[in-house]
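Analysis of the macromolecular model
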Amino acid sequence: MGDVEIKALLLNGNPEFWDRLAILTRQAGDFDEMFQLSNLRKKALARQVPRPGPVPKKIRLALMGGYSFYPFRELLEHVGDMEGLPYELWCGDYDNYISEIMDEASGLYAFGPQAVLLMPSEQRCKYPGKLTDPREMQQAEARRVVDSILELVRKVHDKSQAEVMVTNFMLPARHDLGAYRDRTLGSDWAFRKWVNLELGLNAPSFLHLCDLEFLAYRAGGLNARDERAWFESKQPCSAALLPALAREVVHLMAGLRRASKKVLVLDLDNTLWGGVVADDGIEGIEIGDTSPRGEAFKAFQKYAASLKERGILLAVASKNDQAKAEEVFQKHPEMVLRLDDFVSFKANWEPKSENIRQMATELNLGLDSFVFVDDNPAEIEIVRQFVPEVETILLGPDPADYVGQLQDCRLFEPRNITSEDIERTHLYRSETQRKALAATMTDMDAYWESLAMEGEISAFTPIDVPRLAQLINRSNQFNLTTRRRSEADLVALMRDPAYSCFSFRLKDRFGDHGLISIVIAKKTEAVLSIDTWLMSCRVLKRQVEDEVLNELVRLARQQGCMKLEGIYLPTAKNEMVRDFYARMGFVLTHEDECGKKYDLSVPAFQPIPTKIKISHRSHDPG
Amino acid sequence: MTQADVIAKLQTIFDQVFLEPVHLTPIMTAKDVPEWDSLTHISLLLAVEKAFAIRFHVGEVETTRNVGEFADLIAKRIQTL
């Protein structure tokens, strides 16, 4: 590693130190490297090396469990900071987690964690009876272990509203019982496997599994464990596994707060098939089960198709003749992907960066929702330079590794899968048809009328919570305040009588858009203040905003409020709504560098007529 | 490797692990270095093991009473590889 170089940057107080440190941290392979980088970071903080960019707020994270958290906490703090999610850590005492969670006067609750990482003790995940006990007894004991963990998780979540991460259990890596280990649940091997499965399958939605079993498997069981480290200092695993564990925790935390990717843009030649169709012809390209290379490309297409099943949109950006490229999808019998699998298909000679920009406009999605995959470093570089928001994956030299590369990119991991994810491809396809219709209509009113739109307004319900959290944490453009909230935060809001919260669903004759707009408003005396107002950009210019405002005023009247207060907090992405409140008839009352405030008089407001038929869904219990 | 050789190599490791510079001597103990607590000790040992390509046996490091004895233990582990 560039050890000398980064130390020079540190000693000179050069702000470039921080970028370099982040890059080296991402590359760091073993514990030693990462630990030393974390030391450099501490030195840089002590020396106050100037750091560019805004200072993110620290997240209060509590670590607790049947282990000692040093030096793990150093790595975690370091990786979190490097990934833009700095932590303020609180560490529970070694193996004191049960009383720390059960005792409401414990230091844990005084700390007020926003997130908790619980690492239950492996010592307590052991079948106490005989290997030959009846299977029902062994299963019941495994269930008891899982229930006791889930009870702790529920308790800490209820008391602190924190998001909870729980590590499952590493499997043994010694031969011990031989093949007999698989014939009884009484062996550590089978018992822990069973517990891990029960834990995963019964986890409530606020529990985020930190899959230590998987991490250890990936690293190799013998490498993941270190008996001496346990005897001497109660380490959760070997030092070699600690960097991977720290990265996993940060990845989980980032997933709770950041939008996931929505579109996978694929190159064609030497990406979806071997060879160049313009040179080799449709018969000459390698795809399908007739050759090993052809099989590898086919496997890659199958994997892309499975991502589509999971709700990821597929698109093509290729340097090709459009008709020639499309012909492969129409005529080649071995192709897995077909034209209607793609929401956008751009085969032309424009720079791919431009093509991706156009896709973003057409699909009404932010560029940061896109991932671009190509085997050609030059194409990757163009996209990196001209649309840096787009995540890129440069495929390696061997098509056999393509699937693995995509599987390891960690950009398309589902959190809570909602049925709307699966519907999304369909939604975006109808959007394209809808645009075609709008293009033929000159009169907007007639267009809206023709859509036969139906809106449904509902107070927040428990069943909607995963979708609400997803939209709140994903939407950037039409988002007046961009306040992110976790599922736990939303549940707390639902219980707070000062808040009026509702969601808006829209369907029309082309399809169901699902839940597309969210409002959170807080009443303070005679003012109803709009804490959050966001909307999916798919339904821009569809009069949804008008109906949302009608509803807000209705709620304000119901609660005896005279004024509706609107707040705009600018971000890099919400320029679109900068003057939104002014357009909606609000009056500017305050403006500074942080944002703008507006008022709307409730008594003077006349409901805005729209073409959306509105129905209300009352507080149904999910 | 003599004790002095080992200490010289240890010095470079200490320079990386500790924020404040520490000048190692054979009679120095962990108590003489404010940063050298039971926690940094763990990372220090891992760094030492990696640098010397050795592995201490369970519990034996805590029986050494100063840097000199620690260096002797390292020299012994190098020999018995």
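Reference entry: report on the structure contained in this document.

**Some remarks on the side chain of A:Asp374**
Residue and element names in this part refer to chain A.
- Tracing the backbone shows Asp374 in strand E9 (residues 370-374).
- A distance of 2.9 Å separates a polar atom in the side chain of Asp374 from the backbone nitrogen of Asn376.
- Ignoring anything within four residues of it in the chain, the contact list for Asp374 reads Asp267, Thr271, Lys352, Glu379, Ile380, Ile393, Leu394 and Leu395.

**Remarks on the sheet that holds strand E8 (residues 342-348) of chain A**
Residue and element names in this part refer to chain A.
- Spatial strand order, E8-E7-E6-E9-E10: 5 strands in an open sheet with parallel pairing. Because the sheet does not close on itself, it has two edges, and the strands there are E8 and strand E10 (391-394). When the angles between neighbouring strand axes are averaged without regard to direction, this sheet yields 15 degrees.
- As paired elements, strand E6 (residues 263-266) and E9 share 4 bridges and run parallel to each other. Of the residues in E9, the one forming a bridge with Val265 is Phe372.
- The sheet strands contacting helix H14 (residues 292-309) are E6, strand E7 (313-319) and E9, and the helix crosses E6 at an angle near 155 degrees.
- On the sheet, helix H16 (residues 352-363) packs against E6, E7, E8 and E9 and is oriented at approximately 150 degrees with respect to E8.

**Focus: the packing of helix H21 (residues 465-474) of chain A against helix H22 (residues 487-495) of chain A**
All names here are of chain A.
- For the pair H21 and H22, interaxial distance at closest approach is 9 Å and the crossing angle is 115 degrees. The orientation of H21 relative to H22 falls into the category roughly perpendicular. For H21 against H22, the interelement crossing comes out right-handed. Where H21 approaches H22, its residues Val465, Pro466, Leu468, Ala469 and Ile472 are matched on the opposing element by Glu487, Leu490, Val491 and Met494.

**Comments concerning the sheet that holds strand E1 (residues 59-65) of chain A**
Residues and elements named next belong to chain A.
- Pairing in this open sheet of 5 strands is parallel, and the strands run E2-E1-E3-E4-E5 from one edge to the other. Among the strands making up the open sheet, the edge pair consists of strand E2 (87-91) and strand E5 (207-210). Shown here is a sheet whose adjacent strand axes are inclined to one another by a mean of 25 degrees, direction ignored.
- Of the strand pairs in this sheet, E1 and E2 are connected by 5 bridges, and their pairing is parallel. Following the sheet pairing, Leu63 is matched in E2 by Cys91.
- Strands in contact with helix H4 (residues 72-82) are E1, E2 and strand E3 (115-119); relative to E2, the strand with the most contacts, it is inclined by about 165 degrees.

**Observations concerning the interface of chain B and chain A**
- Opposite the 19 residues of chain B that make contact, chain A presents 19 residues.
- Taken together, chain B and chain A are joined by 3 salt bridges.
- The salt bridge involving B:Arg55 is made with A:Asp226; its shortest N-O contact spans 2.8 Å.
- Across the chain B-chain A interface, the total number found is 8 residue pairs in polar contact (both at pLDDT 80 or more).
- For the side of chain B that touches chain A, the element with the highest residue contribution is helix H2 (residues 38-52) of chain B, accounting for 8 residues.
- Here the residues of the side of chain B that touches chain A sort into 9 nonpolar, 5 polar and 5 charged.

**Observations regarding the pairing of E9(A)**
Residues and elements named next belong to chain A.
- The buried fraction of E9 is high, at 5 of 5 residues.
- Every second residue of E9 is oriented toward a common face, with Phe370, Phe372 and Asp374 on one face and Val371 and Val373 on the other, all of them buried.
- Here E9 runs beside E10; their pairing, made up of 4 bridges, is parallel. From the neighbouring strand, Asp374 faces E10, where its bridge partner is Leu394.

**Looking at helix H7 (residues 135-160) of chain A**
- With 26 residues, H7(A) extends 38 Å from end C-alpha to end C-alpha; this agrees with the ideal 38 Å at 1.5 Å per step.
- Among the residues trailing H7(A), A:Gln161 stands out with phi positive, at a value near 60 degrees.

**Remarks on the nonpolar core**
- Core analysis: the largest hydrophobic core is formed by 80 residues, its most contacted members being A:Phe17, A:Phe72, A:Leu76 and B:Leu10.
- In terms of residues, this core owes the most to one element, helix H12 (residues 242-257) of chain A, which gives 8 residues.
- Once you skip the residues sitting within four places of it in the chain, A:Leu76 turns out to touch A:Leu61, A:Leu63, A:Tyr87, A:Leu89, A:Ala246, A:Val249 and A:Val250.
- Of all hydrophobic cores here, the second largest spans 40 residues; its members include A:Met453, A:Phe510, A:Met584 and A:Phe586.

Cut-offs used in this document
Residues numbered from 1 in each chain as written. Chains lettered and ligands numbered in written order. Predicted model: local features only at pLDDT ≥ 70, side-chain atom pairs only at ≥ 80, totals over all residues. Heavy atoms only, no water. Helix = DSSP H or I, 4+ residues; strand = E, 2+ residues; numbered from the N terminus. Polar contact = N/O pair within 3.5 Å; in protein donor to acceptor, adjacent residues only side chain to side chain. Contact = heavy atoms within 4.5 Å. Pairing = 2+ DSSP bridges. Axes fitted to C-alpha atoms, helices over the stretch in contact; angles between N-to-C directions. Parallel < 35°, antiparallel > 145°, perpendicular 65-115°, else oblique. Left-handed = near helix turned anticlockwise from the far one by under 90°. Salt bridge = Lys/Arg side-chain N within 4 Å of Asp/Glu carboxyl O. Nonpolar A, V, L, I, M, F, W, Y, C, P; charged D, E, K, R; others polar. Buried < 20%, exposed > 50% of the residue type's maximum accessible area, 1.4 Å probe, protein only. Expected span 1.5 Å × (residues − 1). Core = buried A, V, L, I, M, F, W, Y, C linked by side-chain atoms within 4.5 Å.

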